[in-house]
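Residues per chain are reported as follows:
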Amino acid sequence: MFIYRQAGGRGDDMQLLICLMGYQCSGIKNIENYLITEYGLEKYKSFTTRKRYPKEDPQAYHFVNHDSLLKSEKDFIAIRNIENKLYGKLIDDLPENISVCIVDYLGYRDLSKHIETLPIFVERPLCDRFDVCEYRGITNKEDFLFRDKLDSYQFDLVHEDEDVSRITFGDFSDTLIAIDDIIFPYIKNIELSNKKKKTP
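From a predicted model like this one, the values you see are computed outputs, not experimental measurements.

A. The sheet that holds strand β9 (residues 165-168), seen in detail. Read from one edge to the other, the open sheet built from five strands follows the order β2-β7-β1-β8-β9, with strand pairing classed as parallel. Two strands in the sheet have a free side with no partner beyond their single neighbour: β2 (42-43) and β9. Pairing between strand β1 (residues 16-22) and strand β7 (residues 98-102): five bridges, direction parallel. Looking at β7, one finds that L17 is bridged to S99. The sheet contacts of helix α6 (residues 172-183) involve β1, β8 (116-123) and β9, and relative to β9 the element is tilted by about 165°.

Structural data, given as structure tokens:
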């Protein structure tokens, strides 16, 4: 079941979800952490039935078993099945203020039906991404290429979507400057949102 919410405007009570997208190991988790740490944004966390990767932050997802997710009576959104491993977001967890999440392109399109979104796609060279994945112990070469091909079916659509901001992950400082430029028009709203969170 889908529940539609009124998207926030540019006023004090703005409800905005920054959607970070990119291929595996493209650096979007680093960007998400930056936005949470430096801007005080709330994380809109996903649920998944896959096991945690080696060296992965245990708080990166809500890790649940397959049966409990399928039998849940709660409403999930932005659902994706990758080799029988499910990913999705609980619609009741949608933050009421300005927040950030990691999601794929089709998930972003799904989320945009429920909340005002700011989509950002992060590009990074394939060789760089594989080196990062390999270091983290996430996958082998065959799995990496299979996942990239699977993702390409939807991420190819990003280049046709004028609403999506696109940046290239290179030098980390330059990448964060590019993110700051995208976030800058929302600074006042973020400050107001953070003040409201601190108010008893």
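B. Here's a closer look at the packing of aromatic side chains. Scanning all chains against the criterion turns up 10 aromatic pairs. Each ring, one from Y34 and one from Y39, has its centre 6.0 Å from the other, and the planes form 80°; the classification is edge-to-face. The exposure class assigned to Y34 is buried, which follows from its relative accessible area of 17%. Plain terms: the ring middles of F130 and F144 are 5.1 Å apart, the flat faces sit at 70° to each other, and that makes the pair edge-to-face. Here the residue F130 occupies a position in helix α4 (residues 126-136), and F144 occupies one in helix α5 (residues 141-155), the gap between them amounting to 14 residues. On the accessibility criterion, F130 (17% relative accessible area) is buried. Note on F144: relative accessible area 1%, which makes it buried. Joined through ring pairs, the aromatic side chains of Y23, F121 and F155 make up one cluster. Its end group placed over the ring of Y44, K89 keeps NZ or CZ at 5.0 Å from the ring centre.

C. Representation of the environment of L126 within the structure. Checked against the element boundaries, L126 lands in helix α4. When the C-alpha atoms of L126 and K89 are compared, they prove to be 28 Å apart, with 37 residues separating the residues in sequence. Once you skip the residues sitting within four places of it in the chain, L126 turns out to touch F144 and D148.

D. Quick look at the state of the cysteines. For the coordinates displayed, the defined rule picks out one disulfide. Across the disulfide, C25 is cross-linked to C133 (sulfur-sulfur distance 2.1 Å). Measuring handedness by torsion sign, the sulfur bridge of C25 and C133 sits at about 115° and is right-handed. You can see C25 sitting in the loop between β1 and α1 (28-39) and its partner C133 sitting in helix α4, a full 108 residues away along the chain. The exposure class assigned to C133 is buried, which follows from its relative accessible area of 0%. Note on C19: no disulfide assigned, nearest cysteine sulfur contributed by C101 at a separation of 4.2 Å.

E. The arrangement of the packing of α1 against α6 in detail. At their nearest, the axes of α1 and α6 sit 11 Å apart, and the two run at 60° to each other. Looking at the two axes, α1 sits oblique to α6. With respect to the hand of their crossing, α1 and α6 are arranged in right-handed fashion. The residues of α6 that touch α1, namely those facing N30, I31, Y34, L35 and Y39, are F172, T175, L176, I179, D180 and I183. Among the residues making up the contact of α1 with α6, the classes are represented as eight nonpolar, two polar and one charged.

F. Geometry of the environment of Y135. Tracing the chain through its elements places Y135 in helix α4. Residue Y135 is classed as exposed on the basis of its relative accessible area, which comes to 63%. Separated by 41 residues in sequence, Y135 and L176 place their C-alpha atoms 22 Å apart.

G. Structural detail: the pattern of salt bridges. Tallied over the full model, the rule gives five salt bridges. Where E32 meets K43, a salt bridge forms, and the shortest distance between an N and an O atom there is 3.5 Å. Taken together, the residues span a long stretch of sequence, with E32 in helix α1 and K43 in strand β2 at a distance of 11 residues. Judged by relative accessible area, E32 falls into the buried class, the value being 3%. Between D148 and R129 there is a salt bridge, with its nearest N and O atoms 2.6 Å apart. Separated by 19 residues along the polypeptide, D148 in helix α5 and R129 in helix α4 bring together distant segments of the chain. Residue D148 is classed as buried on the basis of its relative accessible area, which comes to 8%. A relative accessible area of 4% places R129 in the buried class. What you see here is one network of salt bridges that share partners, running through R80, D104, R147 and D151.

What counts as what
- Residues numbered from 1 in each chain as written.
- Predicted model: local features only at pLDDT ≥ 70, side-chain atom pairs only at ≥ 80, totals over all residues.
- Heavy atoms only, no water.
- Pairing = 2+ DSSP bridges.
- Helix = DSSP H or I, 4+ residues; strand = E, 2+ residues; numbered from the N terminus.
- Contact = heavy atoms within 4.5 Å.
- Axes fitted to C-alpha atoms, helices over the stretch in contact; angles between N-to-C directions.
- Phe/Tyr/Trp six-rings, centres within 6.5 Å; stacked < 30°, edge-to-face > 60°.
- Buried < 20%, exposed > 50% of the residue type's maximum accessible area, 1.4 Å probe, protein only.
- Lys NZ or Arg CZ within 6 Å of the ring centre and 35° of its normal.
- Disulfide = S-S within 2.5 Å.
- Parallel < 35°, antiparallel > 145°, perpendicular 65-115°, else oblique.
- Left-handed = near helix turned anticlockwise from the far one by under 90°.
- Nonpolar A, V, L, I, M, F, W, Y, C, P; charged D, E, K, R; others polar.
- Salt bridge = Lys/Arg side-chain N within 4 Å of Asp/Glu carboxyl O.

By themselves these figures say nothing about function.
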